[in-house]
Amino acid sequence: MIIILNRDITIDQKTVLTSWLEEKGFRVKEIVGDEETVLGAVGSVSVDPRSVEVLDGVKSVIPISKPYKLASRELKKEDTIIEVGGVKIGGPRVAVIAGPCAVESQEQIMETAEVVYNSGAVILRGGAFKPRTSPYAFQGHGEQGLKWLKTAGEKFDMPVATEIVSPTQVDVMRDYVDIYQIGARNMQNFELLKVIGELGKPVILKRGLSAKIEEWLMAAEYLLAHGNDNVMLCERGIRTFESYTRNTLDISAIPIIKKLSHLPIITDPSHGTGLRGKVSPMALAAVAAGTDGLMIEVHPHPEKALSDGPQSLLPEQFDKLMKDIEALSPVINKEIERPRRKSFAVHRTVMESGAEAVSGSRLKVAYQGEPGAYSESAAARHFSGTPLDFVPSKSFAAVFDAVLNGSADYGVIPVENALTGSIHECFDLFLRYPDIKIVGEKQIRIQHNLIGLPGTDIAKIRKVYSHPQGLAQCERFLGGLIAERVPYYDTAGSVAFVAEQKDPELAAIAGAGAAEVYGLEILKEGIETNPSNFTRFLIIAGSEHPEPETVDKATVVFSVPDRKGSLVRVLQVIDNCGLNMKKLESRPIHGKPWEYMFYSDIELSSRDEFINSSLDLIKKASEDFRLLGIYKSGI
Ligand code: PEP
Ligand code: MN
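As the structure is a computational prediction, the values presented were derived from the model and not from experiment.

As a further point, take the sheet that holds strand 28 (residues 580-588). Strands sit in the order 28-29-27-30 across an open sheet of four strands; the sheet is antiparallel. The sheet is open, and its two borders are formed by strand 28 and strand 30 (625-631), each paired with just one other strand. The mean inter-strand angle of the sheet, taken between neighbouring strand axes irrespective of direction, is 15 degrees. Here strand 28 pairs with strand 29 (residues 596-603) via eight bridges, running antiparallel. Each residue of the ladder has a partner; that of Leu584, found in strand 29, is Ser600. Across the face of the sheet, helix 15 (residues 424-432) comes into contact with strand 27 (553-558), strand 28, strand 29 and strand 30 while running at roughly 100 degrees to strand 29. Together, strand 27, strand 29 and strand 30 form the strand contacts of helix 21 (residues 607-621), whose direction differs from that of strand 30 by roughly 160 degrees.

Printed below as a string of structure tokens:
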């Protein structure tokens, strides 16, 4: 049962309550949520809920209707997030675990670790004890394999996951393993579940070959009931009559598990299909369905693999898949989990924006708008994993000012919307602020919501407030209401206004973050007419800011003499340098009527070649020229 506690329960009352439940034979677990704190009481005993309800500090008692209790969403509403070696699994992220099926040799695991690390995997996998259908097939290198795996994990700063097939292996495995994997064949090995439950280390529980979702959750319940909260489920395909694929990957299990349980679910399309060519499409389908992670088998020479070669991705296939996952994740409001490695000193910030943030200090990031604005979400996504202090600013110019005068380390400004095009004011500001440069980019999906007081009846809304763009982008939905549309200077600001008015006949259109900040309710989600609504943000910093470590894009601005063929000549130079121009946009030069500056985004294949030769050639071909920044493009 779930015991919801009064907000003002005292420590003494909680102790009395817990002891009372334990004496009756319950296991008691406290779960602190955003909105309420509950005690989960599970066990084979039963009591009349009314006898608990009358105890001091208890607000109410709700029975858990499912046979799995600790694993159920009824008990814990928030997603469980598992942390291992700086990597997070669960919540708004997609973590990728990759590596060979089996650890075959020191060289093989090192080579594979390097490949998957370079493509962005965050956890290394590899089996040392292999449960094989045939007793004559390769059974794994045992402890030697674990040593090789650990060495490779340490070298590339990745936690390692490997399968345990028997409770007797715990002692030999303990020192080498960060995440235990319980294989499909062992899902209902209850003795193994109990032992791993007691260890408490993160565990991947694969779905049994013919396990129903409820049986799988009951197996997870064993782990939780024995004290292990760090359980991730892994859908890896089930047996059906279909024999084209090795198993049938049950994609629908992903949203089902998300509904029934708070535990993270990862997906293994390698065993799920058994066919290399089917792994990437199914991995992407799993991401679209909301998976919290993927487990992918990769082998640099799959033709020589000792197990599961036909389903192992080649390094280049894996690299392409990682890029596709990165592009797809924002569509469902997720982010690929990025490596946060000690060896990067200040992890992701350095990689993405070249920031030398002092470990432990908070970065100050300015954006235009009120708290909860879309720019704030873009900033949070770009700097994910770094503690931030936001500096909400009145205007775009104020964001540039904040960065220039040091009241913010970075600014985040929207420059382009996929539906409505460029935000010209922001482009023009670059000309006014020569000491500001671009150090990164982030694209986010814009999902508008109708937001009002809790319990508002949509049919009774009289006025809807939002930024004119927000109103225009929800035209189809608004057409179905009788409400008047009222333009407001800012989307999140319009939510703040509605919250202040406390009038159930008013509503606002903004991102989900704004509803949360101002304590209002999302009355209707995703009301934008066109769901392909993305906005591209640039991350700006002072000109002294170091260049990011990895770059693939440059933004330049130039003018050309008012002469026949002068623009073509600049474009010709860009082409001759073998560069791909991604965007060209003209803006009027203030103070020089009918003269224009051209902004261009250029894809870089080699940073050094661009800096050492192309840049100079483009400069020479143009009149005024400025490099606004070289950075890593951020989808
Ligand atoms: C594996 O991950 O290599 C494995 C054997 O998986 P499963 O238990 O899902 O077959
Ligand atoms: Mn395998």
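If you trace the four strands from one edge of the open sheet to the other, you get 2-3-1-4, paired in antiparallel fashion. With partners counted over all chains shown, the strands left at the sheet margins are strand 2 (27-32) and strand 4 (58-62), one partner each. Strand-to-strand twist across the sheet, computed as the mean angle between neighbouring axes with direction ignored, equals 20 degrees. Strand direction decides the pairing type here: strand 1 (residues 2-5) and strand 4, joined by four bridges, are antiparallel. Residue pairing in the sheet places Ile2 in a bridge with Ile62 of strand 4.

All right, on to the coordination of the manganese ion (ligand 2) then. Coordination of the manganese ion (ligand 2) by the protein comes from Cys101 (SG), His271 (NE2), Glu297 (OE) and Asp308 (OD), over a distance range of 2.0 to 2.4 Å. Sequence positions of the donors to the manganese ion (ligand 2) reduce to the motif C-x169-H-x25-E-x10-D. Linking Cys101 in the loop between strand 7 (93-99) and helix 3 (106-119) with Asp308 in the loop between strand 14 (293-297) and helix 11 (315-328), this pair joins segments that are 207 residues apart in sequence. Exposure class is identical for Cys101 and Asp308. Each is buried.

Packed helices, taken two at a time, are described by their axes: the angle between them and the distance between them. Remark: helix 14 (residues 396-404) packs on helix 15, axes separated minimally by 10 Å, with the N-to-C direction vectors making an angle of 35 degrees. Handedness of the helix 14/helix 15 crossing: right-handed. Listed contacts from helix 15 to Phe396, Ala397 and Phe400 of helix 14 are Glu425, Cys426, Leu429, Phe430 and Arg432.

Take unusual backbone geometry next. For residues that are not glycine, phi is negative in most cases, and the peptide bond is trans in most cases. Even without being glycine, Lys502 reaches a positive phi, approximately 50 degrees. The exposure class of Lys502 is exposed, given its relative accessible area of 64%. A positive phi angle is found at Trp594, which is not glycine, with a value near 70 degrees.

Cut-off values and rules
- Residues numbered from 1 in each chain as written.
- Chains lettered and ligands numbered in written order.
- Predicted model: local features only at pLDDT ≥ 70, side-chain atom pairs only at ≥ 80, totals over all residues.
- Heavy atoms only, no water.
- Pairing = 2+ DSSP bridges.
- Helix = DSSP H or I, 4+ residues; strand = E, 2+ residues; numbered from the N terminus.
- Axes fitted to C-alpha atoms, helices over the stretch in contact; angles between N-to-C directions.
- Contact = heavy atoms within 4.5 Å.
- Donors = N, O, S within 2.8 Å, 3.2 Å for Na, K, Ca; no water.
- Buried < 20%, exposed > 50% of the residue type's maximum accessible area, 1.4 Å probe, protein only.
- Left-handed = near helix turned anticlockwise from the far one by under 90°.

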